[in-house]
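Chain and residue survey
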Amino acid sequence: MEQVINNTIVIIAFIQFILALILINKAVKTKIQVIWLLVFDSFAQALIFLSFAKFIDLGFLFISIVGMSHLLIVIFVHETFYKGQKRVYFIYLLIIIPCVIGYILNLFDDSMSYTNPISTYIFAWYNFILTSSPHFWCSYVILKQYLVFRNKDIQPWIKMRYLIAGSSHISWGILGIYTLFHWYFFLNIGYISITYASMVFSIAITIFTIGYFIAWVMPEPLKKFFNRNYEISDDKELSEEEIMQIIKKGRS
Amino acid sequence: MSESMISLLGIELAKYINVSPIASRSIILLAIKDEYGSIGDLNIDKLQLVLSNALKIRLNKLGIPDIDTIIEDLEKALIKNQSILTMASF
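What this report covers is the structure whose coordinates are included nearby.

What counts and how
Residues numbered from 1 in each chain as written. Chains lettered and ligands numbered in written order. Predicted model: local features only at pLDDT ≥ 70, side-chain atom pairs only at ≥ 80, totals over all residues. Heavy atoms only, no water. Phe/Tyr/Trp six-rings, centres within 6.5 Å; stacked < 30°, edge-to-face > 60°. Helix = DSSP H or I, 4+ residues; strand = E, 2+ residues; numbered from the N terminus. Buried < 20%, exposed > 50% of the residue type's maximum accessible area, 1.4 Å probe, protein only. Contact = heavy atoms within 4.5 Å. Buried area = accessible area lost by both parts, 1.4 Å probe. Salt bridge = Lys/Arg side-chain N within 4 Å of Asp/Glu carboxyl O. Polar contact = N/O pair within 3.5 Å; in protein donor to acceptor, adjacent residues only side chain to side chain. Nonpolar A, V, L, I, M, F, W, Y, C, P; charged D, E, K, R; others polar.

Some details on the packing of aromatic side chains
Per the counting criterion, the structure on display carries 19 aromatic pairs over all chains. For the ring pair Trp172 of chain A and Phe208 of chain A, a centre distance of 6.2 Å and an interplane angle of 75° mean the geometry is edge-to-face. Note that Trp172 of chain A is positioned in helix α6 (residues 156–188) and Phe208 of chain A in helix α7 (residues 192–217), a separation of 36 residues in sequence. When its relative accessible area of 5% is taken as the criterion, Trp172 of chain A is described as buried. When its relative accessible area of 1% is taken as the criterion, Phe208 of chain A is described as buried. With a centroid separation of 4.6 Å and an interplanar angle of 25°, the aromatic rings of Phe208 of chain A and Tyr212 of chain A are classed as stacked. In this pair, Phe208 of chain A and Tyr212 of chain A both sit in helix α7, 4 residues apart, roughly one turn of the helix. Look at Tyr212 of chain A and you get buried, because its relative accessible area is 2%. Through a chain of ring-to-ring contacts, three or more aromatic side chains come together here, namely Phe49, Phe52, Phe76, Trp172, Phe201, Phe208, Tyr212 and Trp216 of chain A together with Phe90 of chain B.

Brief notes about the interface of chain B and chain A
The interface is formed by 34 residues belonging to chain B together with 40 residues belonging to chain A. Here chain B packs against chain A, burying approximately 3,100 Å² in sum over the two surfaces, 62% of which is carbon and sulfur. In terms of surface lost to chain A, no three residues of chain B exceed Leu62, Met87 and Phe90 of chain B, which account for 26% of the buried area on that side. For the pair chain B and chain A, the interface holds 1 salt bridge. We note a salt bridge from Lys83 of chain A to Asp45 of chain B, for which the minimum N-O separation is 3.6 Å. In this structure, the connection of chain B to chain A is made through 9 residue pairs in polar contact (both at pLDDT 80 or more). If you list the elements that add at least two residues to the side of chain B that touches chain A, you get α1 (3–17), α2 (21–36), α3 (44–61), α4 (67–80) and α5 (83–87) of chain B. With 8 residues, α2 of chain B is the single largest residue contributor to the side of chain B that touches chain A. Here the residues of the side of chain B that touches chain A are counted per class, giving 19 nonpolar, 9 polar and 6 charged.

Laid out in structure tokens, this is it:
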């Protein structure tokens, strides 16, 4: 069972690598700088997954990379949705503070080894805040915009990108909630919980990665499929004279 | 990449000047050409400049009343919907 879960996590890590490579191409082509945040996030996620599957050992860097991954995605959402608006800096603190706690915790006890119930309890809480808050926030921001656009005359594939990307974050958020239950399982069930945790983790990251891949890569045939019932409006551009006539007509 | 945003702004502008969204979209496109010479890749800062400069002048030429309120509301719509510039770009 554990081998199957580990293999799944490794496959998902490689999908994240592929996603990062595709996004590099998109970032270069469009010259949109924020896409680079998604590129680095995908690389970071791939490393996290490979580390979780014990394919590589990140050691003390693990917390930094987890924190960096969450931070990158929050900066991406911040820069994409909040430029020129009142910023929501509290969300950064919800990542940075748990990361610092994680570092301190690791100085005294490797909480990932679940040897000490108290540190595991703290680990559960910091991991919950670190994982759930940024992803639920991203999900809220993206889905809120989706609801704004839902009934507007916008190509459906764009709306679907909002819907899928926003929904994908929920699986990471739920994973954060699970860490709280994990502490309970750790004390009451023992070793089994680690296999169980790996299973929950692999399901959550599989949903997230597939959703993210579809949302950000979205090949042309899929865009056409989402647009199948949508008539792209006539792109005809009116001349200055035509506009003047229309406005005069509107006033007469 | 900015087509969707221009359409959204066109819909918003149409509410104020009593023309179809296609006509108001054309006004915005003409304003962009006034500002930059062509319709290239536009980001939020470039579009903000179009609204406050070229579009304002165009609306003035067309004899539209209460231009400052219109521009202010278009800027609000631009900021509120800015994510589409990235989300619809690739």
